[in-house]
Amino acid sequence: MMPLWLDLFWTFFKIGALTFGGGYAMIPMIKAETISKGWITEEMLVDFLAVSESTPGPFAVNISTFIGNSQLGVLGAFLATLGVILPSFIIILIVYQFYKRFISNRYVNGALTGLRATALGLIFSVGITLIFKEIFSVDFIMMVRNFTKFKGEYSFNYVSLIFFGILIAIQVIYKLITKKSLNTIVFILIAACLGMLTYGLIL
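Residues numbered from 1 in each chain as written. Predicted model: local features only at pLDDT ≥ 70, side-chain atom pairs only at ≥ 80, totals over all residues. Heavy atoms only, no water.

K.L.:
Any details on helix 8 (residues 158-178)? Residues and values, ideally.
P.N.:
The terminal C-alpha atoms of helix 8 lie 30 Å apart, and with 21 residues this matches the ideal 30 Å at 1.5 Å per residue to within 8%. Phi for Lys179, located one or two positions after helix 8, is positive at around 65°. (Helix = DSSP H or I, 4+ residues; strand = E, 2+ residues; numbered from the N terminus. Expected span 1.5 Å × (residues − 1).)

K.L.:
Quick rundown of a nonpolar patch on the surface? Include the residues and the values.
P.N.:
A contiguous nonpolar surface patch, about 870 Å² in accessible area, is contributed by Met2, Leu4, Trp5, Leu6, Trp10, Leu72, Leu75, Phe78, Leu82 and Ile85. At the level of secondary structure, the elements contributing two or more residues to the nonpolar patch comprise helix 1 (4-18) and helix 4 (59-102). A total of five residues in the nonpolar patch trace back to one element, the largest contributor, which is helix 4. Turning to its location among the elements, Leu6 is positioned in helix 1. (Patch = residues over 30% accessible without salt bridge, like charges linked within 9 Å, V, L, I, M, F, W, Y side chains within 5 Å. Areas by Shrake-Rupley, 256 points an atom, 1.4 Å probe, with all protein chains shown as cover. Salt bridge = Lys/Arg side-chain N within 4 Å of Asp/Glu carboxyl O.)

K.L.:
Now, about helix 3 (residues 42-54): what can you tell me, with residues and values included?
P.N.:
Each α-helix winds once per 3.6 residues, and so residues spaced three or four apart point in a common direction. The end-to-end C-alpha separation of helix 3 is 19 Å, in line with the 18 Å expected for 13 residues at 1.5 Å each. Buried residues of helix 3: Leu45, Phe48, Leu49 and Ser52, and no others. Taken end-on, helix 3 shows its buried residues confined to a sector of 105°, consistent with a single buried face. (Buried < 20%, exposed > 50% of the residue type's maximum accessible area, 1.4 Å probe, protein only. Arc of directions from axis to C-beta.)

K.L.:
So, the nonpolar core: which residues are in play, and what are the values?
P.N.:
In a soluble, globular protein the nonpolar side chains are often hidden away together inside. Among the nonpolar cores identified, the biggest contains 18 residues, and Phe12, Met26, Ile30, Leu45, Leu49, Ile63 and Ile67 are the most heavily contacted of them. Those elements giving two or more residues to this core turn out to be helix 1, helix 2 (23-36), helix 3 and helix 4. Looking at which element gives the most residues to this core, the answer is helix 4, with six residues. Among residues more than four places away in sequence, those in contact with Met26 are Ile15, Gly16, Thr19, Ala60 and Val84. (Core = buried A, V, L, I, M, F, W, Y, C linked by side-chain atoms within 4.5 Å. Contact = heavy atoms within 4.5 Å.)

Functional significance is not addressed by these values, which are geometric in nature.
In structure tokens, the structure reads:
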């Protein structure tokens, strides 16, 4: 059996090497790999996602660091982070050498188009999964596969639904008034303040 320190590095190395489209596209693989190994639960994953998105730095690096630290402290954080960034570093070095030669190649462009579409689908699936998990406390994929099993067996989170509605309303109103999208940083700060207000002062 692989020692934990090596397993952390190898797991996140695979995630970094086999996913395209940025941090959000990594979430399905991170979920599959880490939960199946018993490193985190689905609830912990949602918390890690929230913290990773709210703290400075690349999303994929942040979540890898948090999960690694939860398993093996500072050493685990270092190995998980190194594992997830190393494939990109190696690939960029290789691509840089051949970029000008292959950028106009129709096969390369076709492959990139397919990867972009795949990344978009992965990000969309993550969004749907997180919404259902937070609002209904069920796994969306499992619910679709076993719909009859989940009938009436979910808990409705009114607070999360209200939060979701408020944030969407703020974005829409701001867009209508200024004709611009609300700055992501401001959006995150508003969500954080709502969470602290509700769970820290009211509930």
